[in-house]
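# Observations on the model geometry
Given next are the chains, with one letter for each unit.
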Amino acid sequence: MSGNSKAYDVLVEQLAARGIDVEAVKEKLAAQAIETPSWGYGDSGTRYKVFSWAGAARNVYEKLDDAAYIQRLTGVAPSMAIHIPWDKTDDWSALRRYAEDRGIRLGAVNPNVFQDDEYKFGSLCNANPGVREMAIAHMVECCEIMAETGSDSLSIWLADGTNYAGQDDMRRRKHALQESLTEVYRHLPAGGRMLIEYKFFEPAFYHTDLPDWGTAYAMSLKLGPQAQVLVDTGHHPTGTNIAQIVCFLLDEGRLGGFHLNGRKYADDDLIVGTSAPFELFTIYMELVSAGERARDVAYMIDQSHNIEPKLEAMLQSVINCQVAYAKALIVNYDELAGAQLAGDVLGAHRAVMMAFETDVRPLLARVREEKGLHPDPIAAYRADDYASKIAQVRGKSVASGGYPSA
Ligand code: AFD
Ligand code: MN
Ligand code: MN
């Protein structure tokens, strides 16, 4: 009996003794779906420096090749989010077919209203109506692209904000934001969703027009049922209880999805689940305990890997989400509810910690094997030659970004 199957049998026995239906847990783990971002496969960096990576994807087709590779190794990464205009193509049906021929599909469409010169003082909140029109037109184009790609989510993040008190009228900006989003909302394809992302600062440093879950939630209520909130796990002040935000939005039916990444100090875009695995676990506990209310939540990774090997970083991100979900699935929620109602503070806490402190890797390994996959995606990655092959074929792009060299 391989070491793994022994560990698996011991774990199954432990979980059964805790009243956990292991087969039901495995079914949910096998059905998990985590979307990877096209921008995680190309070169990216910080404002100081982009360390270009040999083999980094140079165009949307190569990004799809890499996303399909992640899906082949993990079996739970069936879609890739696209970013417009970075991933723009003049033949959407060809791109859609290219993805589907490789076992994945095109996911959320991310407009870009933060890199054109015109957006210096904002996009949808800009005082200049012409700039607002330009940003709205771009988002309407993204709605049309959604119809072409079969995407169901328009994932909106604005860099809009100001750097100094008095720089602009925050009330006027709020009105402009609502008006502009209302116009975009009209163009959503049937069944499409507008996911409104918030971020407490950066690149604006005095105020951001969509800084927190409350403003995004208020905007979604004003817009209508196809508008929901997008929670980027890196976009909160240190110490924020993100699980509580997730619980509230889920209960209101307004949690559209996540941009998953890790943070230590700010929007660091690190590998999700590295700096705060317990936080990720508590988020997944809210999702598991919400049951049907969490059915349509979109789980999307939003990271840019600057020093980490790109594909290994993406694999680790997906695995960390699998681990957090598996741990959340093995909480005995009946036992937890009983302890909560009885006011058994530490009994309830221990019911949660018991799950968090369980090594779920043998369970995940078995789920992968039952899907016909290697039980350890990182070992599979390190054993095959995909990364060395693309490094050879694609080479290294000229590093960009960063302060102009002296
Ligand atoms: C940056 C922003 C935000 C956005 C992402 C993709 O902070 O998270 O969703 O870029 O555009 O990380
Ligand atoms: Mn994001
Ligand atoms: Mn971000």
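Structure first, text after, so check above.
Residues numbered from 1 in each chain as written. Chains lettered and ligands numbered in written order. Predicted model: local features only at pLDDT ≥ 70, side-chain atom pairs only at ≥ 80, totals over all residues. Heavy atoms only, no water.

Next up on the list: the site of ligand 1. With respect to spatial proximity, the complete set of residues near ligand 1 consists of His83, Phe114, Trp157, Glu197, Lys199, Asp232, His235, His259, Asp267, Asp269 and Asp302. A distance of 2.7 Å is found between an oxygen atom of ligand 1 and a side-chain nitrogen or oxygen belonging to lysine 199. Contact distances for ligand 1 include 3.1 Å between an oxygen atom and a side-chain N or O atom of histidine 235. Taking 300 Å² as the accessible area of ligand 1 by itself, protein coverage stands at 89%. Taken together, the residues of the shell around ligand 1 sort by class into two nonpolar, three polar and six charged. (Near = heavy atom within 4 Å. Polar contact = N/O pair within 3.5 Å; in protein donor to acceptor, adjacent residues only side chain to side chain. Areas by Shrake-Rupley, 256 points an atom, 1.4 Å probe, with all protein chains shown as cover. Nonpolar A, V, L, I, M, F, W, Y, C, P; charged D, E, K, R; others polar.)

With that settled, consider the coordination of the manganese ion (ligand 2). For the manganese ion (ligand 2), the full set of protein donor atoms is Glu197 (OE), Asp232 (OD), His259 (ND1) and Asp302 (OD), and the range of their distances to it is 2.2 to 2.3 Å. One way to put it: the six donor atoms around the manganese ion (ligand 2) meet at angles of 72 to 167 degrees, and that makes the site octahedral. For the manganese ion (ligand 2), the donor residues sit on a single chain with the sequence spacing E-x34-D-x26-H-x42-D. A distance of 3.9 Å spans the gap from the manganese ion (ligand 2) to the manganese ion (ligand 3). Of this pair, glutamate 197 sits in strand β6 (residues 193-197) while histidine 259 sits in strand β9 (residues 255-260), and the two are 62 residues apart along the sequence. The class for histidine 259 is buried, based on a relative accessible area of 3%. (Donors = N, O, S within 2.8 Å, 3.2 Å for Na, K, Ca; no water. Tetrahedral: all angles 85-135°; square planar, octahedral: opposite > 155°, others 65-115°. Helix = DSSP H or I, 4+ residues; strand = E, 2+ residues; numbered from the N terminus. Buried < 20%, exposed > 50% of the residue type's maximum accessible area, 1.4 Å probe, protein only.)

The next subject is helix α5 (residues 129-149). An α-helix turns once per 3.6 residues; consequently, residues spaced three or four apart project the same way. With 21 residues, α5 extends 30 Å from end C-alpha to end C-alpha; this agrees with the ideal 30 Å at 1.5 Å per step. Of the positions making up α5, those classed as buried are Val131, Arg132, Ala135, Ile136, His138, Met139, Val140, Cys142, Cys143, Ile145, Met146 and Thr149. Structurally, α5 contributes buried residues whose contacts are with β2 (79-84), α4 (92-101), β3 (105-111), β4 (153-156), α6 (170-185) and β6. Positive backbone phi, approximately 75 degrees, marks glycine 150, located one or two places after α5. (Expected span 1.5 Å × (residues − 1). Contact = heavy atoms within 4.5 Å.)

We now examine the packing of aromatic side chains. Summed over all chains, the structure comprises 15 aromatic pairs. Geometrically, the ring pair formed by tryptophan 213 and tyrosine 217 is tilted, given 6.1 Å between the ring centres and 45 degrees between the ring planes. One end of the pair is tryptophan 213 and the other is tyrosine 217, both in helix α7 (residues 213-223) and four residues apart, which spans about a single turn. Classification of tryptophan 213 by relative accessible area gives partly exposed; the value is 27%. In this structure an aromatic cluster arises from ring pairing among Phe258, Tyr284, Tyr299 and Tyr325. Between lysine 264 and the ring centre of tyrosine 265, over which it is positioned, the NZ or CZ distance is 5.9 Å. (Phe/Tyr/Trp six-rings, centres within 6.5 Å; stacked < 30°, edge-to-face > 60°. Lys NZ or Arg CZ within 6 Å of the ring centre and 35° of its normal.)

Applying the stated criterion across every chain yields a total of 21 salt bridges. Between arginine 58 and glutamate 62 there is a salt bridge; the shortest N-O distance is 2.5 Å. Its relative accessible area of 47% is what places arginine 58 among the partly exposed residues. As a salt-bridge pair, glutamate 292 and arginine 295 come within 3.1 Å of each other at their nearest N and O atoms. Residue class for glutamate 292 comes out exposed when judged on its relative accessible area of 58%. The exposure class assigned to arginine 295 is exposed, which follows from its relative accessible area of 56%. Residues joined in a network through salt bridges with shared partners are Arg58, Glu62, Asp66 and Arg394. (Salt bridge = Lys/Arg side-chain N within 4 Å of Asp/Glu carboxyl O.)

Okay, the nonpolar core next. Judged by nonpolar contacts, the single largest core of 111 residues is most densely connected at Leu29, Met194, Leu255, Phe258, Leu260, Tyr284 and Leu287. Ranked by residues supplied to this core, first place goes to helix α10 (residues 310-329) with eleven residues. Dropping the residues within four chain positions of it, leucine 260 is found in contact with Thr233, Val272, Leu280, Tyr284, Tyr299, Met300, Ile301, Asp302, Gln303 and Cys321. Among the nonpolar cores identified, the runner-up in size contains seven residues, and Trp39, Ala81, Leu195 and Met300 belong to it. (Core = buried A, V, L, I, M, F, W, Y, C linked by side-chain atoms within 4.5 Å.)

A few words now on the packing of helix α2 (residues 22-30) against helix α13 (residues 361-370). Running from N to C, α2 and α13 cross one another at 65 degrees; their axes reach a closest spacing of 10 Å. Relative to α13, α2 is oriented roughly perpendicular. Here the hand of the crossing between α2 and α13 comes out right-handed. Along its contact with α2, which presents Val22, Val25, Lys26, Leu29 and Ala30, the element α13 presents Leu363, Leu364, Arg366, Val367 and Glu370. Residues of the contact of α2 with α13, tallied by class, amount to seven nonpolar, no polar and three charged. (Axes fitted to C-alpha atoms, helices over the stretch in contact; angles between N-to-C directions. Parallel < 35°, antiparallel > 145°, perpendicular 65-115°, else oblique. Left-handed = near helix turned anticlockwise from the far one by under 90°.)

In this section: the environment of glycine 166. Mapped onto the secondary structure, glycine 166 falls in the loop between β5 (161-162) and α6. Distance in space between the C-alpha atoms of glycine 166 and tyrosine 206 is 9.8 Å, their sequence separation being 40 residues.

To continue, consider α6. Over its 16 residues, α6 runs 22 Å from end to end, which matches the ideal 22 Å to within 8%, given 1.5 Å per residue. Residues of α6 that are buried include every one of Arg173, Ala176, Leu177, Ser180, Leu181, Val184 and Tyr185, and no others. In a view along the axis of α6, the buried residues occupy a sector of 165 degrees, so they form one face of it. Residues Arg171 and Glu179 are exposed on α6 and point more than 90 degrees away from its buried face. If you check the start of α6, you find a side-chain oxygen 2.8 Å away from the backbone N of arginine 171, and it comes from aspartate 169. (Arc of directions from axis to C-beta.)

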